[in-house]
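For reference, the chains in residue letters:
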Amino acid sequence: MYTIAIIADSPLPDRPCRELYDAIKRRGHVPRYVPISRITTSFITGNISVKIRDRAIDFDAAFLRSIGFLLDLEQFLRRVTTLRIIEEMGIVLVNPLEPFLRSRNKLEITYELARRGIPVPYTTCTEDLYYAYIEAKRLEEFVIKPITGSRGFGITKLNDPDIAFQVMKVLLGYRKPIYMQEYVRKPGRDIRVLVIDGQVFGCMYRIAPEGSWKTNVAQGGRGEPCNESRRDVEEIAIKATEALGLIYAGVDIAEKDGSYVVLEVNGSPDWRELSQVLGRSPAEKLVEVIVRLIKR
Ligand SMILES: Nc1ncnc2c1ncn2[C@@H]1O[C@H](COP(=O)(O)OP(=O)(O)O)[C@@H](O)[C@H]1O
Ligand SMILES: [Mg+2]
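Residues numbered from 1 in each chain as written. Chains lettered and ligands numbered in written order. Predicted model: local features only at pLDDT ≥ 70, side-chain atom pairs only at ≥ 80, totals over all residues. Heavy atoms only, no water.

Chemist: Mind laying out the coordination of the magnesium ion (ligand 2), listing which residues take part and the relevant values?
Modeler: Of the protein atoms, only Asp 252 (OD) and Glu 264 (OE) coordinate the magnesium ion (ligand 2), at distances of 2.1 to 2.2 Å. One end of the pair, Asp 252, is in strand S15 (residues 248-256); the other, Glu 264, is in strand S16 (residues 259-266), and twelve residues separate them in sequence. Assigned by exposure class, Asp 252 and Glu 264 land together as buried. (Donors = N, O, S within 2.8 Å, 3.2 Å for Na, K, Ca; no water. Helix = DSSP H or I, 4+ residues; strand = E, 2+ residues; numbered from the N terminus. Buried < 20%, exposed > 50% of the residue type's maximum accessible area, 1.4 Å probe, protein only.)

Below, the structure written as structure tokens:
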């Protein structure tokens, strides 16, 4: 019997966290929900302690679901170091910290995929306004994304280089780098593939709402069965997950001219819509995997 934590930002667990909590219990282990702000580290020469309130942490493993979104740099650094200490104490993190952090950063994702020959859309990342303007003229139709965004928030499609110039100038003024990507003319949908432990757990189409090109559920997108289950899509998703070093991931894939490109690899994917479409939740499988990693 193991104690398995679920670490997240929110004081209350969301649905995927609750499903993990229940699955841990059902499998005969002890679940613990831990908001990351409650974890304290203390130090004295030669000794380090990690506590939740007055209680030393005692879990064997933890699902790392979220470290927070609108974080200050100091808060981000504290949380990262805290998690690194926990991991170095021998506590298994799923996903492991480094890949988890990498997958929060779209620049890292695109780099890790492109260098391995996994298909990605043409992407440029820069802080050079003049260069970005030249790219905007060349690309004609493109999107600008926040490097750490999610749920489709803030992703903007542009096709006028001078509107782009103004937008990018303001972003740079707020110290936001420009991450721009060729707009992929996908067929009103993309494909979400959930990979767990080197295998496809399931996939679905995400259909964009009428008149929109965003397929995120948070943007009104909805899941539909993706029965074709094409071998090449699965292969790309598995390779992309491996490329990031993730144990499980939600991979977003767009259809482009009869072929595929990876838009994103999520290291803590929400699976609510996918569970609905598939009629099964990945929580049990994830618990099975984490228990195997504890035993290893
Ligand atoms: N280059 C692109 N071309 C066309 N659609 C895109 C492109 N990049 C992202 N999208 C769409 O925008 C939405 C959000 O994309 P994504 O890059 O996964 O960011 P997020 O982290 O916000 O989910 C998805 O619906 C995706 O299909
Ligand atoms: Mg996405």
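Chemist: An account of the packing of aromatic side chains is needed here, citing residue identities and associated values.
Modeler: In this structure the tally under the stated criterion is two aromatic pairs. Aromatic side chains Tyr 133 and Phe 165 sit 5.3 Å apart centroid to centroid with 75 degrees between the ring planes, which places their arrangement in the edge-to-face category. Of this pair, Tyr 133 sits in helix H5 (residues 129-139) while Phe 165 sits in helix H6 (residues 161-173); the two residues are 32 residues apart in sequence, bridging distant segments of the chain. Judged by its relative accessible area of 16%, Tyr 133 is buried. (Phe/Tyr/Trp six-rings, centres within 6.5 Å; stacked < 30°, edge-to-face > 60°.)

Chemist: Describe the sheet that holds strand S12 (residues 189-196), listing the residues and the values that go with them.
Modeler: Think of a sheet as strands paired side by side through backbone hydrogen bonds, with each pair either parallel or antiparallel. As summarised here, the arrangement of the five strands in space is S14-S13-S12-S15-S16, forming an open sheet in which the pairing is antiparallel. Strand pairing shows two members of the sheet lacking a second neighbour, strand S14 (222-225) and S16, which therefore form its edges. If you compare each strand with its neighbour and ignore which way they point, the axes differ by 35 degrees on average. Judged from the four bridges that link them, strand S13 (residues 199-207) and S14 form a sheet pairing that is antiparallel. Directly across from Met 204, in S14, lies its bridge partner Pro 225. Where helix H7 (residues 231-244) meets the sheet, its contacts fall on S12, S13, S15 and S16, and the angle it forms with S15 comes to roughly 130 degrees. Against the sheet, helix H9 (residues 283-295) touches S12, S13 and S15, its axis set at about 40 degrees to S12. (Pairing = 2+ DSSP bridges. Axes fitted to C-alpha atoms, helices over the stretch in contact; angles between N-to-C directions. Contact = heavy atoms within 4.5 Å.)

Chemist: Tell me what's going on with the site of ligand 1, and back it up with residues and numbers.
Modeler: Around ligand 1 sit 22 residues, and of these Lys 145, Gly 152, Asp 190, Thr 215 and Glu 264 come closest. Contact between ligand 1 and Gln 181: a nitrogen atom at 3.0 Å from a side-chain N or O atom of the residue. Starting from 540 Å² of accessible surface for ligand 1 in isolation, the protein chains cover 99%. Elements supplying a minimum of two residues to the shell around ligand 1: strand S11 (178-182) and S16. (Near = heavy atom within 4 Å. Polar contact = N/O pair within 3.5 Å; in protein donor to acceptor, adjacent residues only side chain to side chain. Areas by Shrake-Rupley, 256 points an atom, 1.4 Å probe, with all protein chains shown as cover.)

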